[in-house]
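Each chain, letter by letter, is given below.
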Amino acid sequence: MLISTNLTNANSFSNNLCWLINTQPQYIDYFSEGLAVISNEDGKYGYVDLNGNIKIPHSYFKAEKFTDGVALVYNEQKKCGFIDKNNNVVIPFIYDSGDSFNNNIAIMKLEDKYGIINKQGDKITEFVYEQIYANPFNKSLSDIIAAKKNGKWGYLNVKNGEEVIPFVFDEVSEFYNDYASVKINAKYGAINKEGELIIPYNYDTMSLCNNSIFIVSKDGKFGAIDANNQTVIPFYYIYMQYISSDIITCVEPNKYLWGAYNLEGKTKIPFEYDELNMFDQNNIKATKNGKKGVIDKNNGIVIPLEYEDLNGYLVEGVIQVIKNNKCGYIDLNNNVITDYIYDYPFSSQFYDNTAIVVKDGKYGILNSEGKLLTEICYQYIERFVDQYKIIDENNNIGILKINNENFIDTSSHWAHSEITYLAKQKIIKGDCNRYYPDSSITRAEFSSMILNCLGQESTEYSNAFNDVTKDDWYSNIVQTISELGIIIGENRQFYPNFGVTREEAATIIMRVYKYVTNIEYQANTNSDIFSDYYEFSEWAVNPIYSCYELNILRGETTNFFSPKRYLTKAEAAVIIVRLQNILY
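Notes on the structure in this doc start here. Starting afresh in each chain, residues are numbered from 1 along the sequence in its written order. Per-residue local features of the predicted model are confined to residues with pLDDT of at least 70, and side-chain atom pairs are confined, for both listing and counting, to 80 or more; whole-chain, interface and lining totals are unaffected and use all residues. Processing note: side-chain calculations cover all non-hydrogen atoms of the structure and skip hydrogens and water entirely.

A few words now on the overall build of the protein chain. Helix and strand assignments come from DSSP, with helices taken as H or I runs of at least 4 residues and strands as E runs of at least 2, each series counted from the N terminus. The helix and strand tally for the protein chain stands at 6 helices and 41 strands. Note on classification: 1.4 Å probe, protein chains only; a residue is buried when its accessible area is under 20% of the maximum for its type, exposed when over 50%, partly exposed between these limits. The proportion of buried residues among the 584 residues of the protein chain is 57%. Contact between two residues is taken to exist if any of their heavy atoms lie within 4.5 Å; hydrogens are not considered. Considering only contacts in the protein chain between residues 6 or more positions apart, those separated by 24 or more positions represent 43%. Values of accessible area rely on a 1.4 Å probe in the Shrake-Rupley scheme; residue burial ignores everything except the protein chains shown. Per element, the accessible surface of the protein chain, about 24,200 Å² overall, is 44% carbon and sulfur.

Time to look at the sheet that holds strand S7 (residues 70-74). Sheet architecture is open: 4 strands sit in the order S6-S7-S8-S9, paired in antiparallel fashion. Sheet topology places strand S6 (62-67) and strand S9 (89-95) at the edges, where each strand pairs with a single neighbour. For this sheet, the mean angle separating the axes of adjacent strands, direction not counted, is 20°. We call two strands paired when DSSP finds no fewer than two bridges between them. Looking at chain direction, S6 and S7 are connected through 4 bridges and run antiparallel. Bridged to Phe66 within S7 is Ala71. Lines fitted to C-alpha atoms define the axes, with helix axes restricted to the stretch in contact, and inter-axis angles between N-to-C directions lie between 0 and 180 degrees.

In this section: the side chain of Asp309. By the element assignment, Asp309 lies in strand S33 (residues 309-312). On the accessibility criterion, Asp309 (18% relative accessible area) is buried. Residue contacts for Asp309: discarding those within four places in its chain leaves Lys285, Lys292, Gln320, Val321, Ile322 and Tyr344.

This part covers the pattern of salt bridges. Within this document, salt bridges are pairs made up of a side-chain nitrogen of Lys or Arg and a carboxyl oxygen of Asp or Glu, the two lying within 4 Å of each other. Counting across every chain of the model gives 23 salt bridges. Taking the shortest distance from any N to any O, the salt bridge between Glu126 and Lys123 comes out at 3.1 Å. Glu174 serves as the salt-bridge partner of Arg511, at 2.2 Å between the closest nitrogen and oxygen. In this pair, Arg511 is assigned in helix H4 (residues 502-517) and Glu174 in the loop between strand S17 (171-172) and strand S18 (179-184), connecting sequence segments 337 residues apart. Accessibility classification places Arg511 together with Glu174 in one group, the buried group.

Glancing now at unusual backbone geometry. A cis amide bond links Tyr344 with the next residue in sequence, Pro345, at an omega value of 15°. Position of Pro345 relative to the elements: it lies in the loop between strand S36 (336-343) and strand S37 (354-359). Phi is positive for Asn299, close to 75°, though the residue is something other than glycine. The exposure class of Asn299 is partly exposed, given its relative accessible area of 21%. Of note in the backbone geometry, Tyr436 takes a positive phi value of approximately 55° without being a glycine. Relative to the elements of secondary structure, Tyr436 occurs in the loop between helix H1 (416-424) and helix H2 (443-454).

A few words on the packing of H4 against helix H6 (residues 569-583). Axis angle and axis distance: for two packed helices, these are the angle between their axes and the distance between the axes, and together they describe the pair. Remark: H4 packs on H6, axes separated minimally by 11 Å, with the N-to-C direction vectors making an angle of 25°. Classed by the angle they form, the pair H4 and H6 counts as roughly parallel. Along this stretch, H4 crosses H6, giving a crossing that reads as right-handed. Within the contact between the two elements, H4 uses Arg502, Ala505, Ile509, Val512, Tyr513, Val516 and Thr517 and H6 uses Glu571, Ile575, Ile576, Leu579, Ile582 and Leu583. Each residue belonging to the contact of H4 with H6 can be placed in one class, and the counts come to 10 nonpolar, 1 polar and 2 charged. The cut-offs work like this: below 35 degrees is roughly parallel, past 145 is roughly antiparallel, 65 to 115 is roughly perpendicular, and the gaps in between are oblique. Take the far helix as the reference: if the near one is turned anticlockwise from it by less than a right angle, the crossing is left-handed, and if turned clockwise, right-handed. Classes in brief: Ala, Val, Leu, Ile, Met, Phe, Trp, Tyr, Cys and Pro nonpolar; Asp, Glu, Lys and Arg charged; the others, Gly included, polar.

So, on to the state of the cysteines. Here, a disulfide means two cysteine sulfur atoms that sit within 2.5 Å of each other. Taken as a whole and assessed by the stated rule, the structure comprises 0 disulfides. No disulfide involves Cys250; its nearest neighbouring cysteine sulfur is the one of Cys209, lying 9.8 Å away. Since its relative accessible area comes to 0%, Cys250 is described here as buried.

How far a helix is expected to stretch is found by multiplying one less than its residue total by 1.5 Å. Taking 1.5 Å as the rise per residue, H2 with 12 residues should run 16 Å; its terminal C-alpha atoms sit 16 Å apart, in good agreement. With 10 of 12 residues buried, H2 lies mostly within the body of the structure. When we look at burial in H2, the residues that qualify are Arg443, Ala444, Phe446, Ser447, Ser448, Met449, Ile450, Leu451, Cys453 and Leu454. On its buried face, H2 sits against strand S29 (275-280), H1, helix H3 (475-483), H4 and H6. Where H2 ends, the next residue or the one after it, Gly455, has phi of about 70°, a positive value.

Once that is clear, we can look at the packing of H2 against H4. Where H2 meets H4, the axes come as close as 12 Å, and the angle between the chain directions of the two elements is 20°. Here H4 runs roughly parallel to H2, going by the angle between their axes. Classified by chirality, the crossing of H4 by H2 is right-handed. Note on element contacts: H4 touches H2 through Ala505, Ile508, Ile509, Val512, Tyr515 and Val516, opposite Phe446, Ile450 and Leu454. Here the residues of the contact of H2 with H4 sort into 9 nonpolar, no polar and no charged.

We call a set of buried residues a nonpolar core when its members are Ala, Val, Leu, Ile, Met, Phe, Trp, Tyr or Cys and they connect through side-chain atoms within 4.5 Å of each other. Ranked by size, the top nonpolar core spans 86 residues in total, and within it Tyr155, Phe446, Met449, Ile450 and Ile486 carry the most contacts. If we ignore the near neighbours within four places in the chain, the residues touching Ile450 are Ile481, Ile486, Ile487, Ile508, Val512 and Ile576. If you look at the next biggest cluster of nonpolar residues, it comprises 14 residues, including Cys209, Ile213, Tyr237 and Tyr261.

This part takes up the packing of aromatic side chains. Planes of paired rings set the category: under 30 degrees apart is stacked, over 60 is edge-to-face and the rest tilted, where pairs are Phe, Tyr or Trp rings (Trp by its six-membered ring) whose centres lie within 6.5 Å. Scanning the entire structure with this criterion turns up 29 aromatic pairs. Here the basic side chain of Lys193 rests over the ring of Phe175, its NZ or CZ set 5.2 Å away from the ring centre. A cation sits over an aromatic face here: Lys288 above Tyr273, 5.5 Å from the ring centre. Any Lys NZ or Arg CZ found within 6 Å of a ring centre and within 35 degrees of that ring's normal is scored as a charge over the ring.

Attention now goes to the environment of Tyr179. One can find Tyr179 in strand S18. Judged by relative accessible area, Tyr179 falls into the buried class, the value being 16%. Counting along the chain gives 33 residues from Tyr179 to Ser212, while the straight-line C-alpha distance between them is 8.5 Å.

On their own, these measurements won't tell you what the molecule is for.
And the structure:
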């Protein structure tokens, strides 16, 4: 990107902003274990160290990051194997595709069939499966995962390769704690980890709210049942949606009004609204008589229902409100910060006490006190975490910096901006002033980031998992995230210290998106944007393409998504910031 200080009115910027000094980078991936993937003009991949020295020549068709001293690479024949940091081949180039190792286990593809190998290259399973995927919320690859064989789905144990639940299903879900939904002959039911049918095949659709409540539909009517197939919410509604840890919104069939129940089946919000959507974890955007506001879970008014629309994040303390197709800003007490003078929808919500505002087609930057930090005179302004890209009428481009750095190991990191921003928002924390950005993020850490992003307070831990104790720092966090149905363990195991793959991250993020927006985003999954689409797990296809279309999580390179590679803490920070920019 061109960095310039030749912008129109560049000297008019507030002292709150300063120029970011940068250079145009050559393509380079992030560093892992001291090495980063880099490509040359011919599109060949190699590895470079922190000093910019080429450590492994540009000789590969494709290359993944190093994990535990080895990396997955593809040769010119597009076969993959593993090399060490001295470019020695440790597992030969015989596979069609594969993923990086996780706890000494990798899922690989050979002659159009999938199987599992260990780090010594030995087979754990035979290569007989049409698909294998790990539970999106179980990164250990050490418990039950779903696989497809002879056109039917079942489950196998990847520790020993044993097929533990028969391959008889037309469709399956991952296990959420103790249960999974399965489909036979166009009807859904639910099984436990022993493969026993606990809910009969009676339903047209099925989704799990938490470990014991299911939203199901039958003959066009929605209701909720428990794990004993007992009705919790009657089969009466034309639509139901689980929107928080304890709220299910419903639409009644007569006047199409919205209301809400808790998970015990008690009415929490009366059926008097035109629409109810998640605003944040503790509050709901409500529409009544065409006007929008915010209510809490007990139907108390937080922001009066008097606006055409409103957007924001309550922790910022400033809400964007719309009247007569113009936007202004108010505080949480409904006091006016600015009049309705800015163009909508081009003006933004507040992030980190600043917002992009547009007036008569020109862009500027506003602070939370309603004061302009720049003149409103620019052709375009785009926010990127703690930076603004500014384009003037002569197409000069400049980059402005907002925040200061927080961690001593991220000042020159490619994700420094996102990490700094989230640290200031108290969404992430470091360790002894370090963030370790290139380390794989754990399920517990990712859970913490998501809850902080949502502004959700943790509930007290109730010994829900065998591998989490009350004294663990994340105990309340995993309790809450599992209750929300966003990241869930199975068989009373949460696996808090296991990693998250990129396709799992896409799945998790799209669950957060649905949780907040009430929208089941459907992407164009027929796109050929990714050359490694054949590596995508079936359950991750729509989330991956959805994240791509929403610009939340895109490919590692132009053509490769690398679905099985573990997510780093830096990548997680970037994803959370992009998600925030869309949701709030």
